[in-house]
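Chain and residue survey
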Amino acid sequence: DAKTTQPTSMDCAEGRAANLPCNHSTISGNEYVYWYRQIHSQGPQYIIHGLKNNETNEMASLIITEDRKSSTLILPHATLRDTAVYYCIVRTDFGNEKLTFGTGTRLTIIP
Amino acid sequence: KAGVTQTPRYLIKTRGQQVTLSCSPISGHRSVSWYQQTPGQGLQFLFEYFSETQRNKGNFPGRFSGRQFSNSRSEMNVSTLELGDSALYLCASSLGLGRYEQYFGPGTRLTVT
């Protein structure tokens, strides 16, 4: 079973920051938070991951709360191409831990 | 660097037949995972291979099998196809096991009639 809870859907205006929340209240100390997205009919795309510190890359920023029970993915300037289903996943860094996808958040960018 | 490639992209089979899907990982990646995606069940993990050995397996019947070759390319096979096997089959590669990000291919759309 997925270890995360995400809103089913969200809308965001084009050009604004999209903030996608994720709850992972049972996360353990050795579990990382990963974000992937899936644009319609394509394979999922890796976005970013982190353990406890905030992370930023060319696609997004990941803010993890101090207690690590929740996180927020931030797309700073959303474009229409960011319309997708966004998955928040927690997993350890052990070799045999699989990626478990939940239902994700369907983000729609409004022109 | 070329991405993950999957062949064929689309496939139509009849119930009872078998099918083999192929995945070529990103150059240098040694781990390959397979997923099934359906509207009802979402994305579900099938299995993961690393160094030609299956390292992890999801909750699928034995009709679903796979293998990995020495060049890290992987194949999955589904025997005795059922209508419920109609799905998008996704392959993902990563540098290795553990907390490496996975890069997904475009998938193979399998339709069973």
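Described in the following lines is the structure provided in the data block. (Residues numbered from 1 in each chain as written. Chains lettered and ligands numbered in written order. Predicted model: local features only at pLDDT ≥ 70, side-chain atom pairs only at ≥ 80, totals over all residues. Heavy atoms only, no water.)

Another point: the overall build of chain A. Within chain A one finds zero helices and nine strands. Helices and strands appear in chain A in the N-to-C order β-β-β-β-β-β-β-β-β. The C-alpha atoms of chain A give a radius of gyration of 13 Å, which matches the 13 Å a tight globule of 111 residues would have. Summarising its shape, the C-alpha atoms of chain A cover approximately 40 × 30 × 25 Å along the three principal directions. Here chain A holds 111 residues, and the buried ones make up 45% of them. Of the contacts made within chain A by residues no fewer than 6 positions apart, 57% connect residues no fewer than 24 positions apart. Element-wise, carbon and sulfur atoms account for 48% of the exposed surface of chain A, whose accessible area totals about 5700 Å². (Helix = DSSP H or I, 4+ residues; strand = E, 2+ residues; numbered from the N terminus. Rg over C-alpha atoms; globule rule 2.2 N^0.38 Å. Buried < 20%, exposed > 50% of the residue type's maximum accessible area, 1.4 Å probe, protein only. Contact = heavy atoms within 4.5 Å. Areas by Shrake-Rupley, 256 points an atom, 1.4 Å probe, with all protein chains shown as cover.)

Another aspect to go through is the pattern of salt bridges. If the charged atoms of two oppositely charged side chains come close together, the side chains can form a pair. Residues and elements named next belong to chain A. If you walk through the whole model with that rule in mind, you get six salt bridges over all chains. One salt bridge in this structure joins Glu 31 and Lys 3, with 2.6 Å as the shortest N-O distance. Note that Glu 31 is positioned in strand β3 (residues 31-38) and Lys 3 in the segment before β1 (9-13), a separation of 28 residues in sequence. Given the relative accessible area of 5%, Glu 31 is considered buried. Residue Lys 3 is classed as partly exposed on the basis of its relative accessible area of 37%. (Salt bridge = Lys/Arg side-chain N within 4 Å of Asp/Glu carboxyl O.)

What follows concerns the interface of chain A and chain B. Across the contact, 19 residues belong to chain A and 17 residues belong to chain B. Around 1600 Å² of area is buried between chain A and chain B when both sides are counted, 53% of it from carbon and sulfur atoms. Our count for the contact surface shared by chain A and chain B stands at zero salt bridges. Between the two partners, chain A and chain B, sit two residue pairs in polar contact (both at pLDDT 80 or more). Taken together, the elements giving at least two residues each to the side of chain A that touches chain B come down to β3, β4 (45-50) and β8 (84-92) of chain A. Here the side of chain A that touches chain B gets four residues from one element, more than from any other, and that element is β3(A). For the side of chain A that touches chain B, the residue count by class is nine nonpolar, six polar and four charged. (Buried area = accessible area lost by both parts, 1.4 Å probe. Polar contact = N/O pair within 3.5 Å; in protein donor to acceptor, adjacent residues only side chain to side chain. Nonpolar A, V, L, I, M, F, W, Y, C, P; charged D, E, K, R; others polar.)

Once that is clear, we can look at the sheet that holds strand β5 (residues 55-56) of chain A. The strands that make up a sheet are held in pairs by hydrogen bonds between backbone atoms, and each pair lies either parallel or antiparallel. One open sheet holds the four strands; their spatial order is β2-β7-β6-β5 (chain A), and the pairing between them is antiparallel. This sheet does not close on itself; its edge strands, each paired only once, are β2 (18-23) and β5 of chain A. (Pairing = 2+ DSSP bridges.)

Let's shift gears to the sheet that holds strand β3 (residues 19-24) of chain B. Residues and elements named next belong to chain B. Ordered in space as β1-β3-β8-β7, the four strands form an open sheet in which the pairing is antiparallel. Edge positions in the open sheet fall to β1 (5-7) and β7 (64-68), since each of these has one partner strand only. Averaged over all adjacent pairs, the angle separating strand axes in this sheet is 20°, with direction ignored. As judged from the five bridges shared by β7 and strand β8 (residues 74-78), these two strands associate in the antiparallel manner. Of the residues in β8, the one forming a bridge with Phe 64 is Val 78. (Axes fitted to C-alpha atoms, helices over the stretch in contact; angles between N-to-C directions.)

Here the focus is the side chain of Gln38(A). All names here are of chain A. Topologically, Gln 38 is positioned in strand β3. The exposure class assigned to Gln 38 is buried, which follows from its relative accessible area of 8%. Side-chain polar atoms of Gln 38 contact the side chain of Tyr 87, separated by 3.5 Å.

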